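This is what each chain is made of:
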Amino acid sequence: MSKKYDTPLLDELEKGPWPSFVTEIKKAAKKSEMANDELGQVEKSYRTKRGYWKHGGIVGVLGYGGGVIGRYSSLPEEFPGVAHFHTVRINQPSGFYYSSKALREICDIWDKYGSGLTNVHGSTGDLVLLGTTTSALEPLFAEYSSRGWDLGGSGSAMRTPSCCLGQSRCEWANIDTMEICHQLTHKFQDEMHRPAYPYKFKIKVAGCAVDCVAAIARADCSIIGTWKGKIAVDQDAVKAYAKGGMNIQAEIVDMCPTRCMSYDGNALSVDDGECSRCMHCISKMTKALKPTGEKGVSILIGSKAPIVVGSLLSWVIVPFMKVEPPYDDLEGIIRKIIEWWDETAKPRERIGEVIEIKGMRGFLEAIGVPPVPQQIKEPRKDPFFFWKEEDLTK
Amino acid sequence: MAWLTDAEAKAIRKTDIGPPHFGQFLPPVLKKNYGKWKYHERIDGGTMVHVGESGDKVFTVRVASPRILSTETIREMLDIADKHCDGYIRFTTRNNVEFMTPDEKKVDGLKKDLKAKGFAIGGIGPGISNMVHTQGWIHCHSACTDASGMVKAIMDELFPYFDGSKTLPAKTRLAMACCVNMCGAVHCSDIAVVAVHRKVPEINHDLLKNMCEIPTTIASCPTRAISPDPAKKSVKINAEKCMYCGNCFTVCPPIDIHNPENDGVAIVVGGKIGSLRTGPKFSKLAIPFLYNETPRWPKVVDAIKNILDVYAKNARKHERLGEWIERVGWERFFSLTGIEFTHQHIDDFTFMRDTMRTSAAFKY
């Protein structure tokens, strides 16, 4: 396609060392009239300081209620190429790994049916294809699904689970995040593709408390790898860190939140019973320190962004649970969690909000988890607590 | 290439197959050492090596991505992956791209080809990796600023913290959300930009009565500012209660919250995700409002640069921005950065009782 619009404002965003999204849209515009009109509409937004997209309409593929987000320009006559500009979410493989053959195939199909613009990846984790028409959806889906790719979640449904790269390339991973994510995604296909929940439900799996996938802040169900044994110390490696210039007292011992470490200028020791497994020392001295013993997951519930009454971080519900492939154990507890939420929530209420409204006790009892001090930062401060009949007879 | 016909599509389509197993996309060295990695080391701002218990190594070179990628650019990346990385590639949770090879001798050639194609290498270690962000004017109905453009302007300025030529006391996570829905969940970042409205939405009553369900619209308001307006078969908004969240606009488009003259961005700081040292934290308000200055938001860029410079100069090694602020106190954060403290900084929505100072000890 030839150049269709002058874009003096966007051209300013092709300058400088950081890669430019404008250059990407222009590259796509050489082949796609849709991308060309996208460029024109965004330039107009830069001029008027407002967007020109309508609320998403309901579009999709046969038998699914999600995976495609309808998007229409509010200026279809001025920018006909983006009159329809729907988003398709392709469920990413765990860990965001691809062979060039597979990713090339994804690109080839997308060039045939869409704008040639993508997000690799979107916020939830899907490989996002930006900009296609309603009539392209069925053939596009047939091409992808016949080659082994399925759509991700959207709307009030199980959203595409996501994970860190875990044991594939990280010594800190206590659990096989990628396999857990893969298995859970396959167990919840119906719930992903046919929205039937009160609102969205997200699962993220992180291998340790460093949490590279932001599970604790971005998932209704945050699964985080942990351990119960000791931290093994390689004293030769400790000496090598000291020799390399690390101030072990200041950088490690003094920054330990539980002050469970000591260093005599030669050897580093850990009072393992007092370690809270925060990952600071391990992440800074990865050659010298290694978790050992039983490995498992912590399950935390409820995190979300601020809409509407404020953001939440996930709460510890199950401090430690051993999990085994094919992870029916995790599936079981997640299904109990969702069942309680599905029966209790009003439309557009996330599980964290519902627990706040209905109370933690009802939730814990429904999923069969006892109260333990690991769940809280501190006990309640007020004297207004509920008693049930069965509590009185104890 | 011709589109599939309806009949062809029906014949081959499959449903509920889920994503392909990642095993087929793992480079052989990762497959062989899966679950048996011993340690990793940062080599420079854009390169690291992971070493397995077997002694095997894998070298990773990371490059920046603007998140919006054309298929043409993806193919350029894949050509390099084919030449140097046995045809494998990976993306990070923060949208960067990783090229891996078990062969140390290939690293220089890989970097040379990446640079020749214009890819920016960096994002590893105590600096800035990439700025997680949302769709903005590129693709979202709810955006009250653009995301990609602001991120581009900010990262151009902070580029030395990406490529490793400058470092920070600890890794610093930046994020940008183009409205308070925060699709990028920017609420736990060291520094984040969130676009905000400042005016009560305007109602198109003629459209509303045909398009919106009135009880749902009323229920969408968290401050109960919306009530029925029976005469107009519409709703009215109590301006004193509205805090411009835009949730009503999401359920009822004729309640238009957009206001180009008055929309802009706030800057929040001090959040983190990891449990290292101190628990995960929400980001808190530093600057309540800056205007949308397209195309490069110079005041937003300057404000972030200032906060980063003050943090870099004053924090201790390994201390995240929020941990530094907790140590020195918010009053010190405002005095050192020179950021003006306003009524907007005091939480008068839901969390005042948790955020007011309840101690007689403080600094000047």
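Residues numbered from 1 in each chain as written. Chains lettered and ligands numbered in written order. Predicted model: local features only at pLDDT ≥ 70, side-chain atom pairs only at ≥ 80, totals over all residues. Heavy atoms only, no water.

## Let's talk about the sheet that holds strand 15 (residues 284-291) of chain B
Residues and elements named next belong to chain B.
Item 1. Strand order in the open sheet formed by five strands is 7-8-9-14-15, with mixed pairing between adjacent strands. The sheet terminates laterally at strand 7 (131-133) and strand 15, the two strands that pair on one side only. Pairs of neighbouring strands in the sheet enclose a mean axial angle of 20°, with direction left out of account.
Item 2. Sheet analysis places strand 7 next to strand 8 (residues 174-177), joined by three bridges and oriented parallel. Bridge pairing in strand 8 links Met 131 to Leu 174.
Item 3. In this fold helix 12 (residues 330-337) packs onto strand 14 (264-269) and strand 15, with an angle of close to 35° to the strand it touches most, strand 15. (Pairing = 2+ DSSP bridges. Helix = DSSP H or I, 4+ residues; strand = E, 2+ residues; numbered from the N terminus. Axes fitted to C-alpha atoms, helices over the stretch in contact; angles between N-to-C directions. Contact = heavy atoms within 4.5 Å.)

## Comments concerning the pattern of salt bridges
A pair can form between side chains of opposite charge whenever their charged atoms are brought close.
All names here are of chain A.
Item 1. Tallying each qualifying case throughout the model produces 50 salt bridges over all chains.
Item 2. With a shortest N-O distance of 3.7 Å, Lys 31 and Asp 111 are connected by a salt bridge. Taken together, the residues span a long stretch of sequence, with Lys 31 in the loop between helix 2 (21-29) and helix 3 (33-48) and Asp 111 in helix 4 (residues 100-113) at a distance of 80 residues.
Item 3. As a salt-bridge pair, Glu 331 and Lys 187 come within 3.5 Å of each other at their nearest N and O atoms. Remark: Lys 187 occurs in helix 6 (residues 177-187) and Glu 331 occurs in helix 12 (residues 328-344); sequence separation between them is 144 residues. When sorted by exposure, Glu 331 lands in the same class as Lys 187, which is buried.
Item 4. One continuous salt-bridge network, built from bridges that share partners, spans Lys 187, Glu 191, Asp 328, Glu 331 and Arg 335. (Salt bridge = Lys/Arg side-chain N within 4 Å of Asp/Glu carboxyl O. Buried < 20%, exposed > 50% of the residue type's maximum accessible area, 1.4 Å probe, protein only.)

## Focus on the sheet that holds strand 13 (residues 295-301) of chain A
All names here are of chain A.
Item 1. The five strands are arranged 6-7-8-13-14 in an open sheet whose pairing can be described as mixed. Each of the sheet's edge strands pairs with one partner strand only, and the pair in question is strand 6 (162-163) and strand 14 (315-321).
Item 2. In the sheet, strand 8 (residues 221-227) pairs with strand 13 via seven bridges, with the strands oriented antiparallel. By the bridge assignment, Ile 223 is partnered in strand 13 with Ile 299.
Item 3. Against the sheet, helix 14 (residues 360-367) contacts strand 13 and strand 14, and its axis sits at roughly 30° relative to strand 14.

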